[in-house]
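# Summary of the model geometry
Chain by chain, the residues run as shown.
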Protein chains: 2
Amino acid sequence: MAAITVKNRQILLKDYVTGSFVESDMTFHDGTCLLQLQEGTNDILVKNLYISPDPFLRGRMQKRTNSYVDSFVPGSVITGFGVSQVVMSNNPNFSKGDFVTGYTGWEDFSVIKSSGFLRIIPAIGFPLTYFLGVLGLTAYAGFHEVCSPKEGDQVFVSAASGAVGQLVGQFAKLLGCYVVGSAGSNEKVELLKNTLGFDEAFNYREEIDLDATLKKYFPKGIDIYFENVGGEMLEAVLNNINVFARIAVCGMISRYDSAEPYSIKNLHLLIPMRAKMQGLIATDFSHLYPEVTERVGLWLKEKKIVYIEDLIEGLENAPRAMLDVLRGKNVGKKIVKLSDPYTSLEAL
Amino acid sequence: MAAITVKNRQILLKDYVTGSFVESDMTFHDGTCLLQLQEGTNDILVKNLYISPDPFLRGRMQKRTNSYVDSFVPGSVITGFGVSQVVMSNNPNFSKGDFVTGYTGWEDFSVIKSSGFLRIIPAIGFPLTYFLGVLGLTAYAGFHEVCSPKEGDQVFVSAASGAVGQLVGQFAKLLGCYVVGSAGSNEKVELLKNTLGFDEAFNYREEIDLDATLKKYFPKGIDIYFENVGGEMLEAVLNNINVFARIAVCGMISRYDSAEPYSIKNLHLLIPMRAKMQGLIATDFSHLYPEVTERVGLWLKEKKIVYIEDLIEGLENAPRAMLDVLRGKNVGKKIVKLSDPYTSLEAL
């Protein structure tokens, strides 16, 4: 039987990005693909439904001076976390029609060769997109595993209304911590205080002296900092940490898109404070999926946490979504919707 | 009975130090003191025998912009770790004649008001000065507790011939790690390779590109970095760490004495590497004293480790010793000898 040819729109990296990312660093390619899998492989062909324009992708758009994290190849499709639906599978663990989440392409159809990070989305009544955020690992594991939190801890979250920050703050509140968030607009600050239950929040763009700002909001000092931004905010935090403070380094968005990254001058304060900074990547905590699904799922059902998404429709808008995330224009988790689920192969 | 008056020479901080430390930032005071204790206190009067001009003291010589670690008060005696002998004690845990180690003054006689960090030196046949270094906590706890080392780990130690570095490297070798050290002279490099058993060593002053140097010595990447220097070396290390690397931040001597400290530009690499940086202070590990005394004591007796001291005689030379340490002119643990033990009160 001849393979069916379908439209396959793609977002490609035009060239390595230097300086600030602009939409035209990505190009839209209106192509096609064959609905077929290579025999003898374990490949899975998926239709992509949602993609997640995460800040860390910015790092992959530049030519790396070290080889630890692969750069995207200019001319190739952007890849990142997404939600997809299986169209064809050579892998016995995945079946046609399954909804899956994992690493996929910014395109209508992708062939997933390595299923290591791919998992089937359990049908437990939540929107599919929740598995890219609130029912994902980053916030839950980053806070509970890396920050060793306990009741009464003084917790600061930067980029607090973003995909991860909004959750970390709420997890901390559920544990009985004092929680302050920073964000880049007064609208976000209101959201943090009124909707997300943060004890305090401030608009960092309106603060002249971040050190003094943190001293004001943290008269008892900072025990936990969930780091999403880096730069001057990290310096101000280091000036305000308590002994045995824990800093989970989830992201440093302030440097990703900057030609001349801000340098940290006061890292030596880790010594007198015996503080810990630790980088984290969600996929290291895959063993926690069942725990996250159960605990966070329950919190969601009991309305103990709120989850805010910022959804935009259309693959063609993915570069714009990426830009918005890098400039902090998103409110909540940014998601790009590519398509509804398919109902039959003929409808593809 | 009238109290005896004795000579009490002191080293005082002249004023807050800005820029690079010079000997004249400290002044020598030829004073006296009364051999007496205030009634109703828990005070201990000691004769100081050895003092340790540790790099971290440099930080206390400047006016702090935050209040975490107290600055020395200009005009007051410098304090730091030392070995002393008890002359009089109101504290039932300490008796006349006891040799003790803890926080004391850079002077002939000190009254120790807080005995929290003071401990009696066990009479187990080692030189008294060993309890300021090889039988102390910094290297042992910093390596074994903070670095979570295991056989085969790739270990890099900076300031490797110094007080702490020489020991960390040897502890790592005893555990079966691959160990490379950096130091600031060819003489020290030879010492590291020929006497201290490091696998490799290099003179950082002769390297143009530290990043490339580390790539050469660590083809398998760095699992553990014992940080004593900070600055450019830390940046080069961050470019060469493996996933789940551990960086114990013991000191950052390159910044202590610099008016314009070097800033760290690539801290974001902690994220993809999921690496941990953790500051440490020896006194947090006091519970390990019995373990250190037993294990390291045995290694010393079995000649499995070598310990190098750089001793200078005379309190008046303490400012010079401090300068030497800050400029890396010491080879091994720098110690200033003030006096031999006393044999009778009359001889004081």
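Located above this text is the structure these notes cover.
If you're wondering where the values come from, they're calculated on a predicted model, not measured in any experiment.

## Brief notes about the sheet that holds strand β13 (residues 276-279) of chain A
Spatially, β10(A)-β9(A)-β8(A)-β11(A)-β12(A)-β13(A)-β13(B)-β12(B)-β11(B)-β8(B)-β9(B)-β10(B) is the arrangement adopted by the 12 strands of the open sheet, whose pairing is mixed. Of all the strands in the sheet, just β10 (200-203) of chain A together with β10 (200-203) of chain B have a single pairing partner and so form its edges. Averaged over all pairs of adjacent strands, the angle between strand axes in this sheet comes to 15 degrees, irrespective of strand direction. For strand β11 (residues 222-227) of chain B and strand β12 (residues 241-249) of chain B, the ladder comprises 5 bridges, and the chain directions are parallel. Pairing of Ile222(B) across the sheet is with Ile241(B), part of β12(B). Contacts between helix α3 (residues 165-174) of chain B and the sheet are confined to β8 (154-157), β9 (178-183) and β11 of chain B, with β8(B) contributing the most and set at about 170 degrees to the helix.

## Some points on the side chain of Asn240(A)
All names here are of chain A. You can see Asn240 is positioned in the loop between α6 (231-238) and β12 (241-249). The class of Asn240 is buried, set by a relative accessible area of 3%. Of the polar contacts made by the side chain of Asn240, one reaches the backbone oxygen of Ala236; its length is 2.8 Å.

## Digging into the relation of the copies chain B and chain A
When chain B is fitted onto chain A, the two copies agree to an RMSD of 0.0 Å after a turn of 180 degrees and an axial shift of 0.0 Å. Such a combination of rotation and displacement between the chain copies is what one expects of a two-fold axis. Here 100% of the interface residues in chain B have copies in chain A that are interface residues too; the copies meet face to matching face.

## Considerations on the pattern of salt bridges
Here the idea is simple: oppositely charged side chains can pair when their charged atoms come close. Residue and element names in this part refer to chain A. Taken as a whole, this structure holds 32 salt bridges over all chains when the rule is applied. Residues Lys215 and Asp211 are paired through a salt bridge, measuring 2.8 Å at the closest nitrogen-oxygen approach. Of the two residues, Lys215 and Asp211 are both situated in helix α5 (residues 210-217); the distance of 4 residues between them amounts to about one turn of the helix. The class for Lys215 is partly exposed, based on a relative accessible area of 39%.

## As for unusual backbone geometry
Excluding glycine, a negative phi dihedral is what most residues carry, and trans is how most peptide bonds are arranged. You will see that Arg274(A), though not glycine, has its phi angle at about 45 degrees, which is positive. With respect to the helices, strands and loops of the structure, Arg274(A) is situated in the loop between α8 (270-273) and β13. One non-glycine residue with positive phi stands out, namely Ser148(B), at about 40 degrees. Structurally, Ser148(B) is set in the loop between α2 (138-146) and β8. Using a relative accessible area of 44% as the deciding quantity, one classes Ser148(B) as partly exposed.

## Let's talk about the side chain of Asn228(B)
All names here are of chain B. Along the chain, the position of Asn228 falls in the loop between β11 and α6 (231-238). A relative accessible area of 9% places Asn228 in the buried class. One polar contact links the side chain of Asn228 to the main-chain carbonyl oxygen of Ser158, over a distance of 2.8 Å. Setting aside its immediate chain neighbours within four residues, Asn228 contacts Val157, Ser158, Ala159, Gly165, Cys250, Gly251, Met252 and Ile253.

Rules used in this analysis
- Per chain, residues are indexed from 1 in the order of the written sequence.
- Throughout, the order in which chains and ligands are written sets their labels, letters from A for the former and numbers from 1 for the latter.
- Two thresholds apply to this predicted model, a pLDDT of at least 70 for residue-level local features and 80 or more for giving and counting side-chain atom pairs, whereas whole-chain, interface and lining totals are computed over all residues.
- Neither water nor hydrogens contribute to the side-chain values; these are computed over all heavy atoms in the structure.
- When DSSP finds two or more bridges between two strands, those strands count as paired.
- Secondary structure follows DSSP: runs of H or I at least 4 residues long count as helices, runs of E at least 2 residues long count as strands, and numbering of each begins at the N terminus.
- A fitted line through C-alpha atoms represents every axis, and for helices the fit uses only the stretch in contact; the resulting angles, taken between N-to-C directions, go from 0 to 180 degrees.
- Here, residues are in contact when the closest pair of their heavy atoms is within 4.5 Å.
- In this scheme, a residue with accessible area under 20% of its type's maximum is buried, one over 50% is exposed, and one in between is partly exposed, where area comes from a 1.4 Å probe on protein chains only.
- Contacts described as polar in this section are N or O atom pairs within 3.5 Å, which, within protein, must combine one atom able to donate a hydrogen with one able to accept it, while residues neighboring in sequence count only if both atoms come from side chains.
- Each copy is superposed on the other by least squares, with the fit set by C-alpha atoms of residues at a pLDDT of at least 70 in both.
- Here a salt bridge means any side-chain nitrogen of Lys or Arg lying within 4 Å of a carboxyl oxygen belonging to Asp or Glu.

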